[in-house]
Amino acid sequence: MPVPLGYYLGLAAIIFTVGVIGVLVRRNAIIILMSIELMLNGANLTLVAFSVHLQELSGQVFVFLVMTVAAAEAAVGLAIIVMIFRNRESVNVDNLNIMKW
Amino acid sequence: MNLTLIIPEIFLFLWALLILFVDFFTAEEKKHRLGPLSLVGIVITVVLVVFSGQGQAFGEMFSADYYSLSFAIIFLGSAFLAICTSIDFARERIKHQGEYYALILLSTVGMMFLAASRELLSMYVSLELTTISLFVLSAYLKTDLKSSEAGLKYMILGAASSAILLYGISLLYGITGTTVLKGIQAELVGSAFPGPLLVISLVFIIAGFSFKLAAVPFHMWAPDVYEGAPTPITAYLSVASKGAGLAAMVRVFFGSLLPVTSEWIPLFMALATMTMVLGNIVAIRQSNIKRMLAYSSIAQVGYILVALSAASELATTSMILYLLVYMFANIGAFAVVIAFYNHSGTDEICEYAGLSRRSPFLAISLVIFFLSLVGIPPLAGFVGKYLLFLAAIQKGYYWLVGVAVLTSVISLFYYMNVVRQMYFRKPTKNDPVKVSWSLRLALVLSLIGVIAVGVYPDPFVSLISKAASVFVY
């Protein structure tokens, strides 16, 4: 018996929510970056689950491109984090408070 | 497969690579010439965009029509003006100038694809091409603490907002079974009752786009990034990246989600109200002019959202016209800020004291740009705002227009504060502010734009209304 669609969507929603909470709660920039990857993967799982359910391939093609884009984003993100670390010896986002209104 | 339609994009992409290539063989002290070289590329691309044909390519993914044409001209225009304002700034303060210009061109390529895409996948990928280039650009002053902080904030919030947008897209795909906008519309017309899943997906999509537009309550990244990023990039961000967000958002909402307007128009109205009120009120207490312009640009998006709530043909026309007008006025204002910064190294509003005596041309230009941003006739801002509000009035949203007019009056207060500093305070120094040829070019072009569109808007309106007729309302 195949796993029903709702289970996949539920799991994807949980992964996405964990990612959102991670972005909001964690203070280490690298872990925030990882949480963003979780959010993207939640969306990917939704796309794949719907794609299989609807017997329509464009969702799976979408996922391939999202993974590529996520890799590019992570590369630029890590580069910026390295730059921040060189400037101030810390990647804690609480220390990023030069500019405040 | 009709590849001729994407010749302008391919050309601009190759030109960006050319800049990188030439950069490799150029001596350090000659690298400022890469700026004019990229300007040449943009001018050629504008010609190509105007004369390349119209039609569709790659199935339904890419469509060259009047809508993408008018947005491409806005994006290329703002890239042109931003590079004009960059040349001195980059020579003095930026290492690796070749990559700097190449990245601006690459993000412009992303925006042009974005305005032309009629399918969610190509839209997502070109949105990422745009924003990832901008992440790098906003963190470009590597040793500057503010710039690196701005880069990290922009990167985290930009990537998170893309993920939110993607989740919304994935749900929309699940509901309709297609990523082509036209197909989505056909599915939604057929379905009798929009389920809760559709509402959730709309909320995610609107939240994702609102981040890109910096609409309240998703605006918190904008002031910090605008203050920290190199000023020419701030000018570019505040016009082109907002324009890109709007281009994609209007494509999605007017191109596919019109059958379910009752689900998203209230959200647009709420966003518009919050954005106008908060943007204008918080701008009053800013002492840094870049930050003040950041809040002012947040407020400007609020006015555009007023028109978009109307979801009519006039709404699209007025949005594109307003973006054009806003491009001239905002980049012009930033050009003055950059000229002043290049000379004095500060962005504090109190340092502008007595600028009218030190440099009358800069002072009067800034006054004209600010008056256009407020919307005083006969400047272009008036025409833009008039059409935006007219679109909302046609649908009977009188209270929304009331809020918009009231907050425009508030905006006069903080713009005029700068004018007061420039004209009614004594200067602390007396040396005139030097303005180089490239900044002067940007200023003169912006002034011509602001005045021409204001005095004689008819040809612009009739051209842009062709773009608005792309959608079936």
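Up top is the structure these notes are about.
The shown structure was predicted, so the numbers you read here are calculated from the model rather than taken from an experiment. For every chain, the first residue of the written sequence is number 1, and numbering continues from 1 along that sequence. Following the order in which they are written, the chains are lettered starting with A and the ligands numbered starting with 1. In view of the model being predicted, local features appear only for residues whose pLDDT reaches at least 70, and side-chain atom pairs are presented and counted only at 80 or more, with totals across whole chains, interfaces and linings using the full set of residues. With hydrogens and water set aside, each side-chain value is computed from the structure's full complement of heavy atoms.

J.: Describe the overall build of chain B, with residues and values.
T.: We count a stretch as a helix when DSSP gives it H or I for four or more residues in a row; a strand needs E for two or more, and each element gets its number in order from the N terminus. Scanning chain B from N- to C-terminus turns up 19 helices and two strands. A radius of gyration in this sense is built from C-alpha atoms; the matching globule rule multiplies 2.2 Å by the number of residues raised to 0.38. Taken against the 2.2 N^0.38 rule, which gives 23 Å for 473 residues, the C-alpha radius of gyration of chain B at 21 Å falls within 12% of a compact globule. Each of the three principal axes of chain B carries a C-alpha extent, and together these read 70 × 55 × 40 Å. The classification of residues rests on relative accessible area computed with a 1.4 Å probe and restricted to protein chains. Under 20% of the type maximum is buried, over 50% is exposed, and intermediate values are partly exposed. Buried positions account for 65% of the 473 residues belonging to chain B. Whether two residues are in contact is decided by their heavy atoms, any of which lying within 4.5 Å being enough. Partitioning the intrachain contacts of chain B with sequence separation of at least 6 by distance along the chain shows that 82% fall at a separation of at least 24.

J.: Just give me the short version of the overall build of chain A, but keep the residues and values in it.
T.: Along the backbone of chain A there are three helices and zero strands. Along its sequence from the N terminus, chain A presents helices and strands in the succession α-α-α. The globule rule puts the C-alpha radius of gyration for 101 residues at 13 Å, and the 17 Å found for chain A is more than 25% above it. The principal-axis extents of the C-alpha atoms in chain A amount to approximately 55 × 25 × 25 Å.

J.: Explain the pattern of salt bridges to me, using residue names and the numbers behind them.
T.: Here, a salt bridge means any side-chain nitrogen of Lys or Arg that lies within 4 Å of a carboxyl oxygen of Asp or Glu. Counted under the stated rule, the structure contains 12 salt bridges over all chains. Across the pair B:Lys153 and B:Glu149 runs a salt bridge whose closest N-O atoms are separated by 2.9 Å. Taken together, the positions of B:Lys153 and B:Glu149, both in helix H6 (residues 145–176) and four residues apart, correspond to about one turn of that helix. By relative accessible area, which is 0% here, B:Glu149 ends up buried. Connected through shared salt-bridge partners, A:Arg88, B:Lys146, B:Glu149, B:Lys153, B:Asp224, B:Glu227 and B:Arg291 make up one network.

J.: Describe the interface of chain A and chain B, with residues and values.
T.: Contact residues are listed per partner, giving 43 residues for chain A and 46 residues for chain B. Two parts lose some accessible area (1.4 Å probe) when they are put together, and adding that loss for both gives the buried area. Taken together, both faces of the contact between chain A and chain B bury some 3800 Å²; the carbon and sulfur share is 78%. A:Arg88 is the partner of B:Glu149 in a salt bridge, and the nearest nitrogen-oxygen pair spans 3.5 Å. N or O atoms within 3.5 Å of each other form a polar contact, as long as, within protein, one can give a hydrogen and the other can take it, and as long as residues adjacent in sequence are counted only when both atoms are side-chain atoms. Between chain A and chain B we count four residue pairs in polar contact (both at pLDDT 80 or more) in total. The set of elements that each furnish at least two residues to the side of chain A that touches chain B consists of helix H1 (5–25), helix H2 (29–54) and helix H3 (58–88) of chain A. Considering every element that reaches the side of chain A that touches chain B, the biggest residue donor is H3(A), with 17 residues. Polarity classes work like this: nonpolar for Ala, Val, Leu, Ile, Met, Phe, Trp, Tyr, Cys and Pro, charged for Asp, Glu, Lys and Arg, and polar for all others, with Gly in that last group. Looking at the side of chain A that touches chain B residue by residue, the class counts come to 30 nonpolar, nine polar and four charged.

J.: Can you tell me about H2(A), naming the residues and giving the values?
T.: Residues and elements named next belong to chain A. Taking 1.5 Å of rise per residue, the 26 residues of H2 would be expected to cover 38 Å, and the 38 Å separating its terminal C-alpha atoms lies within 8% of that figure. One side-chain oxygen at the N-terminal end of H2 lies 2.9 Å from the backbone nitrogen of Ile30; it belongs to Asn28. Just downstream of H2 lies Gln55, where phi reads positive at about 55°. Multiply 1.5 Å by the residue count of a helix minus one, and that product is the helix's expected span.

J.: Before we move on, can you summarise the nonpolar core with the specific residues and values?
T.: Residues and elements named next belong to chain B. The definition of a nonpolar core used throughout is a set of buried Ala, Val, Leu, Ile, Met, Phe, Trp, Tyr and Cys residues joined through side-chain atoms within 4.5 Å. Residues Leu152, Phe253, Phe254, Trp264 and Phe370 are the most contacted members of the largest nonpolar core, which totals 215 residues. No other element matches the 23 residues that helix H13 (residues 313–344) contributes to this core. Apart from residues no more than four positions distant in its own chain, Trp264 is found in contact with Leu202, Ile206, Phe253, Phe254, Leu257, Leu258, Leu308 and Ala311. Leu5, Ile6, Phe62 and Ala64 belong to the second largest nonpolar core, which has six residues in total.

J.: I'd like to hear about unusual backbone geometry, residue by residue, with values.
T.: Residues other than glycine predominantly adopt negative phi, and peptide bonds predominantly adopt the trans conformation. Residue and element names in this part refer to chain B. The step from Val216 to Pro217 runs through a cis peptide bond, and the omega angle for that step is 5°. By secondary structure assignment, the location of Pro217 is in the loop between helix H8 (196–213) and helix H9 (221–228). Residue Pro377 is joined to Pro378 through a cis peptide bond whose omega torsion reads 5°. On the secondary structure map, Pro378 appears in the loop between helix H15 (360–374) and helix H16 (380–394). With a phi angle near 50°, Ala311 is a residue other than glycine that sits in the positive phi range.

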